[in-house]
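Descriptive analysis of the structure
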Amino acid sequence: MAEPVEHAAHFESAERQGQAATLGMWVFLASEVLFFGALFVIYAAYRTREPRAFAEAVAENTFWWGSGNTLVLLTSSLFIALSVHMLRSSRARAACWLVGATVFLGMLFLGIKSYEYVEHFRHGIYPGGQGQWFADQPRAAAMAAFWTLYYLMTGLHALHVIIGVLLLSVIGWCVARRRVTRLAPQALENGAMYWHLVDIVWLFLWPCFYLTNGGA
Amino acid sequence: MTHPAGPSYLEERSVRSWLFTRDHKRIGVLFLIATALMMALGGIFALLLRLELLTPRPMFMSADSYNRLFTLHGVTMVWLFLIPSIPTAFGNFLLPIMIGARELAFPRWNLASFYLYCLGALVTLFSMFLGGTDTGWTFYVPYSSKTPTAIVPVLVGVFILGWSTIITGINFITTVHTLRTRGMTWMRMPLFVWAIYGTSVIQVLATPVLGMTLALVAVDHWLDWGLFDPGRGGDPVIFQHLFWFYSHPAVYIMILPAMGVVSELVTTFSHKNPLSYLAIAVSTFGIAFVGFLTWGHHMFTAGMSTFDAGAFGVLSMLVAIFSAIKVSTWVGTMYRGSISFKAPLAYVFAFLFLFVFGGMTGVAVATMSLDVHWHDTYFVVAHFHFIMVGGSLTAYLGALHYWFPKITGRMYPERWALAAALLVFGGFVLTFVPQFLLGNLGMPRRYHSYPESMQALHTISTGGSWALFGGLSITLSYLLWAARRGRLAGDNPWYSASYEWYVPSPPPKHNWPATPCFELDPYDYTTYAPDPRGKSDVGGAPDAPGGAPPAGDAQGAAHG
Amino acid sequence: MSFDELMRRLLFLPEAATEFARSVDRLHFFVILVTMAGSAIVAFAALVFLLRYGRKGRPLSTPRVRASVWFEGLVIGGLLSLFLLWWVIGFRQYIAYATPPAGDALEVYVTAKQWMWKFASPSGRASIGVLVVPEGRVVRLIMTSRDVIHSFYVPAFRLKRDVLPGRFTVTWFDARDAGVYDVHCAEFCGTEHSRMSASVVVLPPDLYERWLDGEEPEPVARAGARLRLGGGQVGDVEQVDMAEHGQRLAAAHGCFACHTIDGQPHIGPTWQGLFGKRVALESGDVVRADEAYLTRSMMDPQSDIVAGFQPVMPTYLGTLENTEAAAIVQFIKSLHPGQRSPEVRLPEARVVAQDGGLPAAHRDGAGRDAGSGDRAGAR
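Residues numbered from 1 in each chain as written. Chains lettered and ligands numbered in written order. Predicted model: local features only at pLDDT ≥ 70, side-chain atom pairs only at ≥ 80, totals over all residues.

Thoughts on the overall build of chain A
- Within chain A, the regular secondary structure consists of seven helices and zero strands.
- Along the first, second and third principal axes, the C-alpha atoms of chain A reach 70 × 30 × 25 Å.
- The 216 residues of chain A split such that 40% are buried.
- Looking at chain A alone, contacts between residues at least 24 apart form 72% of all its contacts between residues at least 6 apart. (Helix = DSSP H or I, 4+ residues; strand = E, 2+ residues; numbered from the N terminus. Buried ≥ 20, exposed ≤ 12 C-beta atoms within 10 Å, placed from the backbone. Contact = placed C-beta atoms within 7 Å.)

In structure tokens:
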């Protein structure tokens, strides 16, 4: 049974306020798309100039970790979408568990990513073309550009995952404590939208850095 | 004077009530003060630059200091003044009132946006104490990756300001979509709202690209990652593409709100409907959209293909057409109007001349072969100052005077205003027309010393800057005086039919007593004639459930 | 005084010393006069309406006037036609600016660095700050930067081109009138950006010949003195024939260990007849072996390898300066098909491929035709 919902004085109804919150979130996500977009443009420009070097560098990445991470994030998106549905059906407990599962998968993603970074460092691949690995490369310049972009783009993405994990943890905790329930569905929905964006960005990073190895 | 919608928004006086306010009107006033301070600061930098340029040889500034100063001038004027100015001051104050709302969609995010602005400003100004940077406000790589100056704080400051802008943009867009009062369709909104909305769309889409681009330069400079270093597979020209992808729409962020102001001023002071509401609304979006497709015209000499150059050139011509539509509509609005020549209208006239001249020199630099000579010379500097100062600043001054009674409840001294406007206009012309000629002569931008033969023009320009400064100082002085001591203006001293004039001046805390429903469109002057018996315009019919008609009709003139 | 000259005076334009400058000026006059007329018309119309409809005291109600379609159409159509006309003319001129004319051009290598301009002419002297060219000949500038972005700007030629690090940009001019013309750097490049000037000295043919012989004609001296006064960098660089210089450099850096100049393919492609030839790459693309490609081959030899050759060439990035690389390119250019240069001896050297095996030439069992330069690149 729905509780009577209060809304801010300047909105004519709670529904209108909810619409505003959702619209605001969409517009924010649009700005995030453009934020990442700039990096993808640089990637596209540099790859067009040095397609073979980039393809070879992609081959250096471990396909299975990258694809595993894709699976992790896709699953987490499924969970968070389900949790929104649960909360709207007033099944707060189930919603809570699902948020927890999403947070767990997010942290798993970060764990795998950290492991990959450590492996790269072990091989001597650092951003900025620094590191022993570049010394032995015939096409060091192009490789440097690739790996700098790799660290920048996956690093920025990982930062967004961290933010998402923190955000969803807070929201999940609020739901668990039955606090602020009148706002919780909206907050969870917005949090879920953010998480979906994070997932979608990864779906573009995945081919850029793991799949397009030119058949090598 | 009490009012069912609450006391005047200025009533509560504690510092706390201002610093923690969620009232869009107060936040608008806070932004007004902050951005005006930044304009003064940027203006002082400009005066110092022009002073140094009085003589061809170094006078009191080393080349290095000069370079840092023009960078600071650009950064301050663009990001700390022009981009926020009209939207954060007047947009915040007026947008909800104009659409019959009581508040913006996200009042607390609005306050956050103000504090982010302050933080960004502080960080940017803090960089001054570290000597600032010398790359110019355009931060071109590879120089910006290698400059020995303190560039990172400047970049961080601008990055933070970008967040403030984006939050404001999200707030405005959401407000226009969800808080328009009953019966207010898109075609019933005041044109200023269209302008603010279009600006907000650009802000939200373009600013993130700037944020990323500057962040990359900061990373490059601080960590030496060489993302734009040709020796490490990078390309300095991609920086230019990304930078201008934001910065060209940014100039439309700076001019669209000004155009919105002009639409309001022209209709009010001609006491007439706009020649074509649709033309102005459509061209607002035309500018916003096509403006994203023209960035390459900043790079005609950078080595792009002739095909790319041609495409950017023709698109730049197209965007100018939308501005021309607006200008013809504004001038046409005056036809058969009933025109009152007050200071705001004086600023409109200045705008019309300067914006058209500046805009057409924009078409001239968009003509690719001509730009080869003019690129990176004083011709371009003159062109954009004609638009930024002659266009945006002029409209900003017009807005200040027009909405002064709305914001303060008092009137500024008209004669002083007209005199100051004349001085501002004259000073501006003297400052910047010689710069077109300097550009023709071949004087490049960002030059600390120059050939002797160019001194006469530089001298005139510097003299002009003093006149301009004089006019602006006078304006600031009488406005500050009038805010406390000006005569009470009444609710609608301009007899305007636009919706913000339905509420008292200054407005009550919650704007409207009840959800208003406007019977007339905001530019319906067909039956609106203020009472010839000269009764006071104060008060309207505030309790009328159908919304208050324009105050001048309070004494009972027949109303449709 | 002609109309053009009058307008130049009024608009403070410097002389127009090339045909391109003159045609650009004509478009400029067209555009600027219409601009002034347009602003005047708008201001005038507003003023007329103010005078006609202005009122002191309170305003009266006004009729609702709507723009007719023909008014909007006239404004839009008229302006659009005007702007497109300008665009068409400007575009054609821009294409001319971007496309050096075919034919015999004098090539000059320009190196920009903080805060000076260096000019190296292949068959003449090299200098800092003063570029000497003959009257009436097309001059092609091949420019690169040693550090940050600069821009080569000659107001009198209405010419400007950005100069980038890591890349060659090309521009051209055809100066008809002898004289001395200022060059300014037009892209902010650091502290002394405003003093990064140079001069183009256009000499009549006889004086130019004397300059080639090593003299310093009066206009050149004057230009140098004036530049120094203005704080610009001026200097002479040792007179050297670029192609000869390039040959010496190639020998010194071991290029002849892998590249022949008599048409025989060796470990690397032969240099004879290479310049300007279309070569097929390992990747399947076909490129033209121009200055940019040859320089890139020296600096980043692993990219764009010619089909049939192994990726064994070391990089010379950091070893060869831009002017040195340019000199080697000039030497390669001088090697026309069929030419043999008996003075150059191929040094003996064993080159080992990166994977430890023998280079391709040996693996296939030599025996390719001598003198068939085409085969080397076309496999």
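Past the structure itself, the notes keep going.
Some remarks on the overall build of chain B
- For chain B, the count of helices and strands is 16 helices and zero strands.
- Relative to the globule expectation of 24 Å for 560 residues, the C-alpha radius of gyration of chain B, 24 Å, shows essentially globular dimensions.
- Relative to its full complement of 560 residues, chain B shows a buried share of 68%.
- Within chain B, residue pairs in contact and separated by at least 24 positions form 84% of the contacts whose partners lie at least 6 positions apart. (Rg over C-alpha atoms; globule rule 2.2 N^0.38 Å.)

Here we look at the interface of chain B and chain C
- Between chain B and chain C, the contact holds 79 residues from the first and 74 residues from the second.
- Within the residue set of the side of chain B that touches chain C, elements represented by two or more residues are α3 (63–82), α6 (143–146), α9 (236–270), α11 (306–334), α12 (343–366), α13 (368–374) and α15 (414–441) of chain B.
- Among the elements that take part in the side of chain B that touches chain C, α11(B) stands out by supplying 16 residues, more than any other.
- Here the residues of the side of chain B that touches chain C sort into 44 nonpolar, 29 polar and six charged. (Nonpolar A, V, L, I, M, F, W, Y, C, P; charged D, E, K, R; others polar.)

Some details on the interface of chain B and chain A
- On the chain A side, the residues contacting the 31 residues of chain B number 28 residues.
- Of all the secondary structure elements, the ones that give two or more residues to the side of chain B that touches chain A are α7 (151–178), α8 (191–223) and α9 of chain B.
- Top element by residues in the side of chain B that touches chain A is α8(B). It accounts for eight residues.
- Of the residues belonging to the side of chain B that touches chain A, the class tally is 17 nonpolar, nine polar and five charged.

Quick notes on the nonpolar core
- Counting residues in each nonpolar core, the largest one holds 349 residues, and the members touching the most others are A:F146, B:V193, B:V262, B:L352 and C:F157.
- Looking at this core, the element that brings in the most residues is α9(B), giving 22 residues.
- Setting aside anything within four residues of it in sequence, one finds A:F146 in contact with A:A53, A:F54 and A:A57. (Core = buried A, V, L, I, M, F, W, Y, C linked by C-beta atoms within 7 Å.)

Quick look at unusual backbone geometry
- For the peptide bond that leads from B:V141 to B:P142, omega is -5 degrees, which places it in the cis range.
- Following B:S505, the chain continues into B:P506 via a peptide bond in cis, with omega recorded as -5 degrees.
- The backbone phi angle of A:S90 is positive, close to 65 degrees, even though this residue is not glycine.
- When you line up the elements, A:S90 lands in the loop between α3 (63–88) and α4 (92–123).
- Assessed through the 13 C-beta atoms surrounding it within 10 Å, A:S90 is described here as partly exposed.

Re α3(B)
Residue and element names in this part refer to chain B.
- Between the first and last C-alpha of α3 there are 27 Å, a value that for 20 residues agrees with the 28 Å anticipated at 1.5 Å per step.
- In the structure, α3 departs most strongly from a straight axis at T76, where the bend amounts to approximately 25 degrees.
- With 16 of its 20 residues buried, α3 lies for the most part within the structure. (Expected span 1.5 Å × (residues − 1). Bend = angle between axes of the 7 residues up to and from the residue.)

Focus: helix α4 (residues 205–212) of chain C
Residues and elements named next belong to chain C.
- Taken as a whole, α4 has its buried residues at L207, Y208 and W211. Buried residues of α4, seen end-on, are gathered within an arc of 100 degrees and therefore sit on one face of the element. Seen from the open side of α4, the exposed residues pointing more than 90 degrees away from its buried face are P205 and D206.
- For α4, the elements touching its buried residues are β4 (130–134), β10 (197–203) and α5 (218–229).
- Where α4 terminates, the next one or two residues include G214, which has phi positive at roughly 115 degrees. (Arc of directions from axis to C-beta.)

Let's talk about the sheet that holds strand β9 (residues 179–185) of chain C
All names here are of chain C.
- An order of β4-β10-β9-β6-β7 is seen for the five strands of this open sheet, with the pairing classed as mixed. The open sheet has two free edges, formed respectively by β4 and β7 (159–163), since each of these has just one partner strand. Strand-to-strand, the axes of this sheet are offset by a mean angle of 20 degrees, without reference to chain direction.
- As paired strands, β4 and β10 are joined by five bridges and run parallel to one another. Paired with V132 across the bridge in β10 is V201.
- Sitting on the sheet, α5 touches β4, β9 and β10, and the angle it makes with β10 is about 170 degrees. (Pairing = 2+ DSSP bridges. Axes fitted to C-alpha atoms, helices over the stretch in contact; angles between N-to-C directions.)

As for the pairing of strand β1 (residues 106–113) of chain C
All names here are of chain C.
- The buried count for β1 comes to six of eight residues, which makes it a mostly enclosed element.
- Relative to strand β5 (residues 138–145), β1 is paired through seven bridges, and the arrangement is parallel. The residue of β5 that forms the bridge with E107 is R140.
- The sheet contact formed by β1 and strand β2 (residues 116–120) spans five bridges and is antiparallel. Bridging across to β2, V110 finds its partner in F119.
- Hairpin connection of β1 to β2: two residues between the antiparallel strands.

Concerning the packing of helix α2 (residues 24–52) of chain B against helix α4 (residues 85–98) of chain B
Residue and element names in this part refer to chain B.
- Relative orientation of the contacting elements α2 and α4 amounts to 160 degrees, with a least axis distance of 8 Å. Relative to α4, α2 is oriented roughly antiparallel. Seen from above, α2 lies across α4 with left-handed handedness. Taking contact as the criterion, the partners of H24, K25, I27, G28, F31, L32 and T35 in α2 are, on α4, S85, T88, A89, F90, N92, F93 and P96.
- Considered class by class, the residues forming the contact of α2 with α4 number seven nonpolar, six polar and one charged. (Parallel < 35°, antiparallel > 145°, perpendicular 65-115°, else oblique. Left-handed = near helix turned anticlockwise from the far one by under 90°.)

Brief notes about the environment of A:G111
- Summarising the element assignment, A:G111 is placed in helix α4.
- Each C-alpha atom, one on A:G111 and one on A:F54, is 26 Å from the other, the two residues being 57 residues apart in sequence.

Concerning the pairing of strand β6 (residues 150–154) of chain C
Residue and element names in this part refer to chain C.
- Taking burial as the measure, the five residues of β6 include five buried ones, the bulk of the element.
- Going residue by residue along β6, you find H150, F152 and V154 tucked away on one face and S151 and Y153 tucked away on the opposite face as well.
- Bridge count between β6 and β7: five bridges; the pairing is antiparallel. The partner of H150 across the bridge, within β7, is V163.
- The turn joining β6 and β7, which pair antiparallel and follow one another in sequence, is formed by four residues; a positive phi near 50 degrees is taken by R158.
- In terms of strand pairing, β6 meets β9 through two bridges, oriented antiparallel. Bridge pairing links F152 to C185 in β9.

Description of the confidence of the model for chain B
Residue and element names in this part refer to chain B.
- On average, residues of chain B score 91 in pLDDT, and 93% of them are at 70 or above.
- Counted against residues more than four places away or in other chains, residues 532–560, with its pLDDT under 50, gives 59 contacts.
- Listed scores for the predicted complex are pTM 0.87 and ipTM 0.92. (pLDDT = per-residue confidence, 0-100.)

Re the environment of A:L205
Residue and element names in this part refer to chain A.
- In this structure, L205 sits in helix α7 (residues 184–211).
- Each C-alpha atom, one on L205 and one on T70, is 9.7 Å from the other, the two residues being 135 residues apart in sequence.
- In this structure L205 touches M153, T154 and H157, once residues within four positions along its chain are discounted.

Digging into the packing of α3(A) against α7(A)
All names here are of chain A.
- In contact at an axis separation of 9 Å, α3 and α7 are set at 160 degrees when each is read in the N-to-C sense. Of the possible angle classes, the one that applies to α3 and α7 is roughly antiparallel. Taken as a pair, α3 and α7 cross one another with a handedness that is left-handed.
- The class makeup of the residues in the contact of α3 with α7 is 16 nonpolar, six polar and three charged.

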